[in-house]
Amino acid sequence: MSITVEFFVAPDDEVAAQVGPRQRRHGFPSFACSDFFPDDAVADWEVLLAGGAAGGSRDVVPMKNDGFMVFQLSSGLCSALVRANSGRLVEVAGAWAELAAVKDEDVPAETAAWILTELAGLARTAEGLRQPLYCWYFAP
């Protein structure tokens, strides 16, 4: 199964709900990746980065039968990403790659490190802009 994922910064839910596979030239700070379920991953990242239980993301466009979803990342995860240094991100990426393998997702440690490093940079951008961090994904 091919899963298309994009993390992005947007001013609010209304605007974020308009972003997706048909609206990829939105001009917001973003990065794209693929082939994992980001709603599961963000919960893992929050636990691995911040410890304790995941605060949970918030659905903006709930998943329906069309395989499309938009959600906002929790403030706890965003704060943990902003605070994390590169060594910590690589450490968490390795742990996440192991968790993903248990869930039958193939996320190599190098790819996991790239994703978390990009996401941390995007979280810093979101913090600087004082805007939320969102994700959309399409899993047909």
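One can find the structure itself at the top, above this paragraph.
Conventions and cut-offs
Residues numbered from 1 in each chain as written. Predicted model: local features only at pLDDT ≥ 70, side-chain atom pairs only at ≥ 80, totals over all residues. Heavy atoms only, no water. Core = buried A, V, L, I, M, F, W, Y, C linked by side-chain atoms within 4.5 Å. Buried < 20%, exposed > 50% of the residue type's maximum accessible area, 1.4 Å probe, protein only. Contact = heavy atoms within 4.5 Å. 1 Å grid on protein atoms, 1.4 Å probe; cavity = no way out; pocket = protein on both sides within 12 Å on 5 of 7 lines; lining within 4 Å. Points joined across faces, edges and corners; volume = space filled by probe spheres on them. Nonpolar A, V, L, I, M, F, W, Y, C, P; charged D, E, K, R; others polar. Helix = DSSP H or I, 4+ residues; strand = E, 2+ residues; numbered from the N terminus. Phe/Tyr/Trp six-rings, centres within 6.5 Å; stacked < 30°, edge-to-face > 60°. Salt bridge = Lys/Arg side-chain N within 4 Å of Asp/Glu carboxyl O.

For the rest of this paragraph, the subject is the nonpolar core. Grouped together as the largest cluster of nonpolar side chains are 40 residues, with contacts concentrated most on Phe7, Phe36, Trp45, Leu73, Leu81, Trp96 and Leu133. Once you skip the residues sitting within four places of it in the chain, tryptophan 45 turns out to touch Phe7, Phe36, Ala50, Leu77, Trp96, Ile115, Leu116 and Leu119. Core analysis: the second largest hydrophobic core is formed by ten residues, Phe8, Phe68, Val70 and Trp136 among them.

If you add up the space inside the largest pocket, you get close to 220 Å³. Together, ten residues line the largest pocket, and Gly20, Pro21, Arg22, Asp66 and Phe68 are the ones closest to its centre. Of the residues that constitute the lining of the largest pocket, the class distribution is five nonpolar, three polar and two charged. Counted as a void, the second largest pocket has a volume near 160 Å³. In this structure, the second largest pocket is lined by 13 residues; those nearest its centre are Ser75, Cys78, Ser79, Ala126 and Gln131. Residue assignment for the lining of the second largest pocket shows that the elements contributing at least two residues are helix 3 (75-83) and helix 5 (109-129). Ranked by the residues each element gives to the lining of the second largest pocket, the list is headed by helix 3, at four residues. The residue makeup of the lining of the second largest pocket, split by class, is seven nonpolar, five polar and one charged.

Attention shifts here to the packing of aromatic side chains. Tallying each qualifying case throughout the model produces nine aromatic pairs. Judged by centre distance (5.6 Å) and plane angle (20°), the ring pair of phenylalanine 8 and tyrosine 134 falls under stacked. Of this pair, phenylalanine 8 sits in strand 1 (residues 4-9) while tyrosine 134 sits in strand 5 (residues 133-138), and the two are 126 residues apart along the sequence. Comparing phenylalanine 8 with tyrosine 134, the two get one shared label, buried. A connected cluster of aromatic rings, assembled from ring pairs, spans Phe7, Phe31, Phe36, Trp45, Trp96 and Trp114.

Applying the stated criterion across every chain, the model contains three salt bridges. Aspartate 13 is paired through a salt bridge with arginine 58; the nearest N and O atoms lie 2.8 Å apart. Residue aspartate 13 is found in helix 1 (residues 13-16), and its partner arginine 58 is found in strand 3 (residues 58-61); the two are separated by 45 residues along the sequence.

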